[in-house]
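# Examination of the molecular architecture
Take a look at the letters that make up each chain.
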Amino acid sequence: MAPQPLTGKRILVTGATGMVGGPLATKLAADNTVFGGARFTNPAARDELAAAGATPIRVDLGSADFDEIPGDLDYVLNFAVARSNDWDADFAANVEGVALLMERCAGIDAFFQCSTAGVYESQGQVPLTEASPLGDSHRAAGFQTYSISKIAAESLVQHTATRLAMPTVIARLSVPYGDTFGWPTFQLMMIERDIPIAVHPDAPSLYAPLHLDDIAGSLPYLLDAASVPATVVNWGGDANVAVEDWCALIGDLVGKAPVFQIDENAIPSLPLNVSKLNGLGFHSSVPWQDGIRRLVDTARAAA
């Protein structure tokens, strides 16, 4: 039986000015009381979040600034991430800060940790299961702290969930995108400007892109799976898609062929086996072709 939709809940979304956390907080605010947590170094972002129906509050995982977090929360969705390549700063925010956030919010129904498929060691075009080897897949691409700090975060989140008896789910997100954001949005701009798109020599570069509609749609299933010990789930669309293919579709839609540049330092193929997510009852609803068309149409309308 499918879980109940998220309605009437009190939800904290951290990273609410980020690429995924922001659109998700806005989407959830239509039917829930959503607190959007971020540092708000850009004051305009606070106003935009408030205008979208969420309540902006200051949350800084790097300094454990949690004074504005309210009580009586049902769920905490952690989408905050630091990618400064400063080891001390990124470990403080991505690892220690998450455990401190869990302690601050003890008593909630469930904690959701957004992890990444970037915790895996690439196995080429072989879809990765939750038991596949972990590795530093993003270092060569310049994200020195990203994979390692996310792996460390998963370990500490699992430990803290057990210590606090806090139902927790860790979702390893593939390529998130929506009508206005995501990796394909950047690639659209690159194609329009004849900027080469780096791809790994071990082609094709496969990923499991997940549209915002399905990010939001899968949340009830993932939260329902939260447990002690924590549940770990691959979080991606049902189809693994080559970046070369979705860029080719973008090119067809805008009338410009993408220019690819083979680069050994590009992020390698990280396809996902999403059988565990499917086993929870969720299947993605937005085919990647439709998602890319929506993205291009939105960009055209805004031009």
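A short tour of the structure in this document, coming up. Bear in mind that the values here come from a model prediction, so they are computed numbers and not experimental data.

## Things to note about the side chain of N78
Here N78 shows up in strand β4 (residues 75-78). In this structure N78 comes out as buried when scored by relative accessible area, which is 1%. Within the local environment of N78, its side chain forms a polar contact with the backbone nitrogen of A80, the two atoms lying 3.3 Å apart. Here N78 is in contact with T14, L61, V98, L101, F111, F112, Q113 and C114, once residues within four sequence places are set aside.

## Details of unusual backbone geometry
With an omega of -5 degrees, the peptide bond between A203 and P204 qualifies as cis. Among the secondary structure elements, P204 is positioned in the loop between β8 (197-199) and β9 (206-207). Note the cis peptide between V228 and P229, where omega equals -5 degrees. Within the element layout of this structure, P229 appears in the loop between α6 (212-224) and β11 (231-235). Despite not being glycine, A165 has its phi angle at roughly 55 degrees, a positive value. You can see A165 is positioned in the loop between α4 (146-164) and β6 (168-173). Taking the relative accessible area as the measure of exposure, A165 reaches 53% and is therefore exposed.

## A short note on the pattern of salt bridges
Pairs can form between side chains of opposite charge once their charged atoms are near each other. Across all of its chains, the model carries 11 salt bridges by this definition. One salt bridge in this structure joins D65 and R58, with 2.9 Å as the shortest N-O distance. Here D65 falls in the partly exposed class, since its relative accessible area comes to 21%. A relative accessible area of 27% places R58 in the partly exposed class. Ionic contacts of the salt-bridge type, sharing partners, join the residues K27, D179, D213 and R294 into one network.

## Quick word on helix α3 (residues 87-104)
Here α3 is 18 residues long and its end C-alpha atoms lie 24 Å apart, about the 26 Å a rise of 1.5 Å per residue gives. The sharpest bend along α3 comes to roughly 45 degrees, located at G97. Taken as a whole, α3 has its buried residues at D90, A93, N94, V95, G97, V98, A99, L101 and M102. The inward-facing, buried residues of α3 contact β1 (10-14), β4, β5 (110-116), α4 and β6. Two to three positions downstream of the cap, the backbone nitrogen of D88 sits 3.0 Å from a side-chain oxygen, assigning the N-cap of α3 to D86.

## Quick word on the packing of helix α1 (residues 21-28) against α6
Axis angle and axis distance: for two packed helices, these are the angle between their axes and the distance between the axes, and together they describe the pair. At a closest axis distance of 10 Å, the pairing of α1 and α6 adopts a crossing angle of 60 degrees. The angle between α1 and α6 falls in the class oblique. Classified by chirality, the crossing of α6 by α1 is right-handed. On α6, the residues touching P23, L24, K27 and L28 of α1 are L212, D213, I215, A216 and L219.

## Some details on the packing of aromatic side chains
The relation between two aromatic rings is expressed through the spacing of the ring centres and the mutual angle of the planes. Inspection of every chain in the model, using the stated rule, returns 9 aromatic pairs. Three or more aromatic residues joined by ring pairs form one cluster here, namely F79, F112 and W235. Lying across the ring of F40, R46 places its NZ or CZ 4.5 Å from the centre.

## Some details on the environment of L73
One can find L73 in the loop between β3 (55-58) and β4. The sequence separation of L73 and F35 amounts to 38 residues, and the corresponding C-alpha distance is 9.5 Å. Apart from residues no more than four positions distant in its own chain, L73 is found in contact with R10, I11, L12, F35, C105 and I108.

Here is what the cut-offs are and how they apply
- Residues numbered from 1 in each chain as written.
- Predicted model: local features only at pLDDT ≥ 70, side-chain atom pairs only at ≥ 80, totals over all residues.
- Heavy atoms only, no water.
- Helix = DSSP H or I, 4+ residues; strand = E, 2+ residues; numbered from the N terminus.
- Buried < 20%, exposed > 50% of the residue type's maximum accessible area, 1.4 Å probe, protein only.
- Polar contact = N/O pair within 3.5 Å; in protein donor to acceptor, adjacent residues only side chain to side chain.
- Contact = heavy atoms within 4.5 Å.
- Salt bridge = Lys/Arg side-chain N within 4 Å of Asp/Glu carboxyl O.
- Expected span 1.5 Å × (residues − 1).
- Bend = angle between axes of the 7 residues up to and from the residue.
- Axes fitted to C-alpha atoms, helices over the stretch in contact; angles between N-to-C directions.
- Parallel < 35°, antiparallel > 145°, perpendicular 65-115°, else oblique.
- Left-handed = near helix turned anticlockwise from the far one by under 90°.
- Phe/Tyr/Trp six-rings, centres within 6.5 Å; stacked < 30°, edge-to-face > 60°.
- Lys NZ or Arg CZ within 6 Å of the ring centre and 35° of its normal.

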